[in-house]
Amino acid sequence: MNYSVKILKKVWLTHNVVQFVLERPKEFQCAPGDAVDIILDTGGTNQRSAPFTLTNMPDSAVLELIIKVYPNLKGFTHTISQRKVGDTLSITSAWKSFEYLGKGTFIAAGSGITPFIPMIKISEEQGTLLGHKLIYANRKLKDVILKKELEEKLGSHFYNILSEEQVEGYGYGRIDRKYLDSRIVEPDQYFYVCGPDDFSTSIKGILMNLGVKAHNIQIGY
């Protein structure tokens, strides 16, 4: 089922990441880790669509999407980023991208953080956030999405690594076996991995080499 929803709020979280707050249809159902497709009408019978993960709580009165924009490409995300408050977006029903199964480590690259935001919020709300970790890879410090909020929630269990900038207090380089081996002490927990395909494939391989069972690793869509 498709829905036409009004944009209630639009906020640029970083130089290239925009958050949309959307009206929520009464019958709309979603769970942490769910995604929707945004559908763009390109004229005539042509339509384009792309998936984005919802970042709102399941019982929220609104829907939230956080979208990384690639303005130089003048493509799908650039077109969406031009929408204004009061405009509408066409979205599908929610579908399962990730499923929260229990305590574990979230490993994300860039906008791959989005499916884990509601999971972290719910765990905090339920008093079960202790024991969770977030390992977050970005190119530069300015690219870190919701940095202050995540620091407040996760404290010393929030690990950042930057690949193109050296900043005091932040890891530098890429997530490799050595980096993960020094931070993973419970290989029998759940691991939630989201980022570009090559990132997710690489991280899953490293985790399995460290003794993590394949069924304990989620890499989403």
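Above: the structure in question.
Just so it is clear, the model here is predicted, and its values are computed rather than measured.

Trainee: Would you mind going over the sheet that holds strand β9 (residues 133-138) with me for this structure?
Mentor: Adjacent strands of a sheet pair through backbone hydrogen bonds, lying either parallel or antiparallel. Taking strand neighbours across the sheet as the criterion, the six strands line up as β11-β10-β9-β8-β12-β13 in an open arrangement whose pairing is parallel. Strands with a single pairing partner mark the edges of an open sheet, and in this sheet they are β11 (171-172) and β13 (217-218). Judged from the five bridges that link them, strand β8 (residues 104-109) and strand β12 (residues 190-194) form a sheet pairing that is parallel. What sits directly across from Phe106, in β12, is Tyr192. Each of β8, β9 and β12 is contacted by helix α2 (residues 116-125), which is oriented at about 150° to β8, the strand it contacts most. Across the sheet, helix α3 (residues 147-154) touches β9 and β10 (158-162), and the angle it forms with β10 is around 140°.

Trainee: Could you clarify how one ought to interpret helix α5 (residues 197-209) in this entry?
Mentor: A turn of α-helix holds 3.6 residues, and therefore any two residues three or four places apart point the same way. Here α5 spans 18 Å end to end across 13 residues, near enough to the 18 Å set by a 1.5 Å rise per residue. The complete set of buried residues in α5 reads Phe199, Ser200, Ile203, Ile206 and Leu207. The arc enclosing the buried residues of α5, seen along the axis, measures out at 130°, which places them on a common side. Exposed and oriented more than 90 degrees from the buried face of α5 are Asp197, Asp198, Thr201 and Asn209. Against β8, β9, α4 (177-181), β12 and β13 lie the buried residues of α5.

Trainee: Please clarify how the side chain of Asp143 should be interpreted in this entry.
Mentor: Topologically, Asp143 is positioned in the loop between β9 and α3. The buried charged residue Asp143 lacks any salt bridge, with Lys142 as its nearest oppositely charged partner at 5.6 Å. Engagement of the side chain of Asp143 in a polar contact is seen with the side chain of His15, the distance being 2.7 Å. Here Asp143 is in contact with Thr14, His15, Asn16, Tyr136 and Asn138, once residues within four sequence places are set aside.

Trainee: Explain the packing of aromatic side chains here, please?
Mentor: Within a pair of aromatic rings, the relevant descriptors are the distance that separates the centres and the angle that separates the planes. Inspection of the entire model under this criterion finds eight aromatic pairs. Grouped by ring-pair contacts, the aromatic residues Phe98, Tyr100, Phe106, Phe116 and Tyr192 constitute a single cluster. Over the ring of Tyr179 we find Arg183, and its NZ or CZ is 3.7 Å from the ring centre.

Trainee: When you look at unusual backbone geometry in this model, what are you seeing that I'm missing?
Mentor: Excluding glycine, residues mostly have negative phi values, and the peptide bonds linking residues are mostly trans. Positive phi is not limited to glycine here, since Leu146 has a value of about 55°. Here Leu146 is to be found in the loop between β9 and α3.

Trainee: Teacher, can you tell me more about the side chain of Ser200 here?
Mentor: Its location among the elements puts Ser200 in helix α5. Look at Ser200 and you get buried, because its relative accessible area is 4%. One polar contact links the side chain of Ser200 to the main-chain amide nitrogen of Gly195, over a distance of 3.5 Å. Among residues more than four places away in sequence, those in contact with Ser200 are Val193, Cys194, Gly195 and Ile219.

Trainee: Hey, could you run me through the packing of α2 against α3 in this one?
Mentor: Pairs of packed helices are described in terms of their axes, by the angle between the two and the distance that separates them. With their axes 11 Å apart at the nearest point, α2 and α3 run at an angle of 35° to one another. Regarding α2 and α3, the two cross each other, and that crossing is left-handed. On α3, the residues that touch Ile120, Lys121 and Glu124 of α2 are Glu149, Leu150, Lys153 and Leu154.

Trainee: How should the environment of Ser81 be read in this particular structure?
Mentor: Note that Ser81 resides in helix α1 (residues 76-81). Looking at Ser81, the relative accessible area reads 4%, which means it is buried. Measuring from C-alpha to C-alpha, the distance between Ser81 and Lys26 comes to 25 Å, with 55 residues separating the pair along the chain. Residues in contact with Ser81, not counting those within four places in the same chain, are Lys10, Trp12, Phe20 and Val69. Within the local environment of Ser81, its side chain forms a polar contact with the backbone oxygen of His78, the two atoms lying 2.7 Å apart.

Rules and cut-offs
Residues numbered from 1 in each chain as written. Predicted model: local features only at pLDDT ≥ 70, side-chain atom pairs only at ≥ 80, totals over all residues. Heavy atoms only, no water. Pairing = 2+ DSSP bridges. Helix = DSSP H or I, 4+ residues; strand = E, 2+ residues; numbered from the N terminus. Contact = heavy atoms within 4.5 Å. Axes fitted to C-alpha atoms, helices over the stretch in contact; angles between N-to-C directions. Expected span 1.5 Å × (residues − 1). Buried < 20%, exposed > 50% of the residue type's maximum accessible area, 1.4 Å probe, protein only. Arc of directions from axis to C-beta. Lys, Arg positive; Asp, Glu negative; His and termini not counted. Salt bridge = Lys/Arg side-chain N within 4 Å of Asp/Glu carboxyl O. Polar contact = N/O pair within 3.5 Å; in protein donor to acceptor, adjacent residues only side chain to side chain. Phe/Tyr/Trp six-rings, centres within 6.5 Å; stacked < 30°, edge-to-face > 60°. Lys NZ or Arg CZ within 6 Å of the ring centre and 35° of its normal. Left-handed = near helix turned anticlockwise from the far one by under 90°.

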